[in-house]
Amino acid sequence: APVGAVVDDATTRASGARGVDGARRTRDARDYWFPVCFSGNLRDKDALVAFDLFNVPWVLFRGRDGEVGCVKDECCHRACPLSLGKVVDGRVQCPYHGWEYETNGECAKMPSCSFLKNVFADELRVIERDGMIFVWAGESDPADFVGPEAAYESWDEDVYEANEPGMFTTGEGFVTMAEVIADVKLDSDVVVERLLDITERARREPVSVKNRGRGALSAVDGTRLISKVLRIGYDAVPQSVVFKPSCVIASTIALRPRVGGGDGTSMQVEQLHVCLPAKPGLTRVLFRMAFDFVPEGAQNAAGDVWKNLAMQVLQEELEDVRSAGLKSETTSIAVESFRVFKRGDK
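Note that this is a predicted model, so its numbers are computed, not measured.

Peer 1: Sorry if this is basic, but what is going on with the environment of glutamate 296 here?
Peer 2: Tracing the backbone through its elements, the reader meets glutamate 296 in the loop between strand S18 (282–291) and helix H4 (305–322). Sequence separation of glutamate 296 and phenylalanine 174 is 122 residues, and the distance between their C-alpha atoms is 8.6 Å.

Set out below in structure tokens:
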């Protein structure tokens with residue numbers, strides 16, 4: 001069974017889901033499907049992706065059949081981080097003494113000593129879909145919080161019912177251009193709140209795509225050219241913003257031309273922000289950017305230009321997030337959804 005980190009009462013959410021016995025179940029802050037990685041980051045069969053969730057280290061890797069495993073990033077022998085090792089025949093191998101673990105956490109090889117049966121590293125349940133990898137961080141059964149009996153609406157059902165497209169599927173006509181990851185030294189709730197605030201203010205008071213001056217990424221010619229065109233020629237206007245517990249923001253942005261008019265809907269950008277509670281005071285942000293105005297295949301035609309552009313956009317957003325005084329006095333459906341979630345309302 002997965003073992004999560006200790007969460008204090010202030011971060012515990014009560015959603016009021018009911019089990020088959022009719023008893024009210026308390027929904028812990030960990031009782032959600034958390035998107036922790038883009039599938040592209042595990043495209044290589046030998047890839048290892050380390051991440052923290054609720055102050056516990058984990059590592060992702062693919063087994064022999066391509067299935068994804070998530071085990072605690074700590075060898076059962078001497079607690080060496082498994083992410084410093086490598087994948088050998090679908091098992092993650094510790095770099096210290098070579099102990100090897102299956103995707104279910106079972107230790108299958110102990111070359112440094114006599115083999116001991118039933119040695120397991122902690123592991124998390126995993127679902128892969130919509131180009132992302134999700135883990136269930138809680139000790140409850142995910143089915144307890146899905147369907148009409150769940151008192152708190154969540155995107156869990158989108159993930160759990162994996163045969164249907166969920167909120168992580170890009171819209172029709174959109175092409176995913178880039179997926180990037182960055183860390184910010186703030187609590188996850190603070191990052192979510194401030195990103196929602198920034199977006200809401202932009203909806204009420206459309207602003208120009210910002211010009212931050214020459215930064216490190218502007219040295220890349222393609223990125224600089226595209227960035228310049230967007231900054232000079234368009235205003236970014238949020239069209240829709242959705243918050244889904246516990247840490248996801250999905251938004252659609254219209255790029256409205258400043259010259260020549262237009263209704264602002266001919267060029268659209270979909271953005272997905274996942275604000276993972278990595279550690280106290282640290283959030284990992286997964287950011288996906290999709291366009292509806294480029295043909296399929298364009299994302300592969302310019303090297304790292306789109307990835308660099310997405311990272312530039314994300315870093316500029318996080319620069320605003322780090323700034324003080326972002327509290328908005330107005331509200332929106334997305335902002336209110338977040339506030340309801342924070343209060344633990346039913």
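Peer 1: Can you walk me through the sheet that holds strand S6 (residues 68–72) in this structure?
Peer 2: Pairing between the strands of a sheet is mediated by backbone hydrogen bonds and can be parallel or antiparallel. What the three strands build is an open sheet, ordered S4-S5-S6; its pairing is antiparallel. The open sheet terminates on both sides in strands that have one partner only, identified here as strand S4 (49–53) and S6. Going from strand to strand, the sheet's axes swing by 30 degrees on average, the running direction of each strand aside.

Peer 1: Got a minute to help me understand the pattern of salt bridges in this structure?
Peer 2: Opposite charge on two side chains permits them to pair, given that their charged atoms come into close proximity. In this structure the tally under the stated criterion is nine salt bridges. Among the ionic pairs, arginine 91 bridges to glutamate 102, the shortest N-O distance being 3.0 Å. Taken together, the residues arginine 91 in strand S8 (residues 91–93) and glutamate 102 in the loop between strand S9 (100–101) and strand S10 (107–109) connect sequence positions 11 residues apart. In this pair, the class of arginine 91 matches that of glutamate 102, namely buried. One salt bridge in this structure joins aspartate 130 and arginine 129, with 3.0 Å as the shortest N-O distance.

Peer 1: Even after reading the chapter, I still don't get the state of the cysteines, so can you show me in this structure?
Peer 2: Here, the word disulfide means a covalent bond between the sulfur atoms of two cysteines. Tallied over the entire structure, the rule returns zero disulfides. Here cysteine 275 is not cross-linked by a disulfide; its sulfur's nearest cysteine counterpart is in cysteine 247, at 6.6 Å. You can call cysteine 275 buried: its relative accessible area is 0%.

Peer 1: Would you mind going over the pairing of S4 with me for this structure?
Peer 2: Taken residue by residue, a regular strand's side chains alternate between the two faces of the sheet. Of the two faces of S4, the one holding Val49, Phe51 and Leu53 is buried and the one holding Ala50 and Asp52 is not buried anywhere. Where S4 lies against strand S5 (residues 56–62), five bridges are found, and the strand directions are antiparallel. Across the sheet, residue leucine 53 finds its bridge partner in S5, namely valine 56. Linking two consecutive strands that pair antiparallel, namely S4 and S5, is a turn of two residues; a positive phi of about 55 degrees is found at phenylalanine 54 within it.

Peer 1: Whenever I open this one, the nonpolar core confuses me. Can you help?
Peer 2: Most often, soluble globular proteins keep nonpolar side chains buried together rather than apart. Judged by nonpolar contacts, the single largest core of 72 residues is most densely connected at Phe34, Leu53, Leu60, Val135, Leu196 and Val274. Ranked by the residues each element gives to this core, the list is headed by H4, at seven residues. Contacts of leucine 60, omitting those with residues within four sequence positions, involve Val36, Cys37, Leu42, Ala47, Leu48, Val49, Phe51, Val68, Gly69, Cys70, Ile133 and Val135. Formed by 15 residues, the second largest nonpolar core is a distinct cluster that contains Val92, Trp99, Met110 and Val119.

Peer 1: Can you walk me through unusual backbone geometry in this structure?
Peer 2: In most cases, non-glycine residues show a negative phi, while peptide bonds are predominantly trans. Cis geometry marks the peptide bond from proline 245 to serine 246; its omega dihedral reads 10 degrees. Its place among the elements puts serine 246 in the loop between strand S15 (234–244) and strand S16 (248–257). Here alanine 79, not a glycine, exhibits a phi torsion of approximately 65 degrees, which is positive. Of note, alanine 79 is situated in the loop between S6 and strand S7 (86–88). Unusually for a residue other than glycine, aspartate 89 sits at a positive phi of about 50 degrees. Along the chain, aspartate 89 turns up in the loop between S7 and S8.

Peer 1: Help me out: how do you make sense of the pairing of strand S12 (residues 132–136) in this one?
Peer 2: By the criterion of burial, S12 is predominantly enclosed, with five of the five residues buried. In S12, alternate side chains face the same way, and those of Met132, Phe134 and Trp136 on one face and Ile133 and Val135 on the other are all buried. Pairing of strand S3 (residues 33–38) with S12, which is carried by five bridges, proceeds in the antiparallel orientation. Residue pairing for S12: tryptophan 33 is matched across the bridge by tryptophan 136. With five bridges connecting them, strand S11 (residues 125–129) and S12 associate as antiparallel partners.

Peer 1: Mind showing me how you'd approach the packing of aromatic side chains here?
Peer 2: To describe a pair of aromatic rings, one takes the distance between the centres and the angle between the planes. Throughout the structure, instances matching the rule amount to eight aromatic pairs. Both rings, one in tyrosine 32 and one in phenylalanine 341, keep their centres 5.9 Å apart while their planes meet at 80 degrees; by these two values the pair is edge-to-face. With tyrosine 32 in the loop between strand S2 (24–25) and S3 and phenylalanine 341 in helix H5 (residues 333–343), the pair connects residues that are 309 residues apart, well separated along the chain. Note on phenylalanine 291 and tryptophan 306: the rings are 5.6 Å apart at their centroids and 85 degrees apart in plane angle, and the pair reads as edge-to-face. With phenylalanine 291 in strand S18 and tryptophan 306 in helix H4, the pair connects residues that are 15 residues apart, well separated along the chain. By the burial criterion, phenylalanine 291 is buried, and tryptophan 306 matches it. Through a chain of ring-to-ring contacts, three or more aromatic side chains come together here, namely Tyr32, Phe34, Phe54, Phe243, Phe338 and Phe341.

Reading the values: rules and limits
- Residues numbered from 1 in each chain as written.
- Predicted model: local features only at pLDDT ≥ 70, side-chain atom pairs only at ≥ 80, totals over all residues.
- Heavy atoms only, no water.
- Helix = DSSP H or I, 4+ residues; strand = E, 2+ residues; numbered from the N terminus.
- Pairing = 2+ DSSP bridges.
- Axes fitted to C-alpha atoms, helices over the stretch in contact; angles between N-to-C directions.
- Salt bridge = Lys/Arg side-chain N within 4 Å of Asp/Glu carboxyl O.
- Buried < 20%, exposed > 50% of the residue type's maximum accessible area, 1.4 Å probe, protein only.
- Disulfide = S-S within 2.5 Å.
- Core = buried A, V, L, I, M, F, W, Y, C linked by side-chain atoms within 4.5 Å.
- Contact = heavy atoms within 4.5 Å.
- Phe/Tyr/Trp six-rings, centres within 6.5 Å; stacked < 30°, edge-to-face > 60°.

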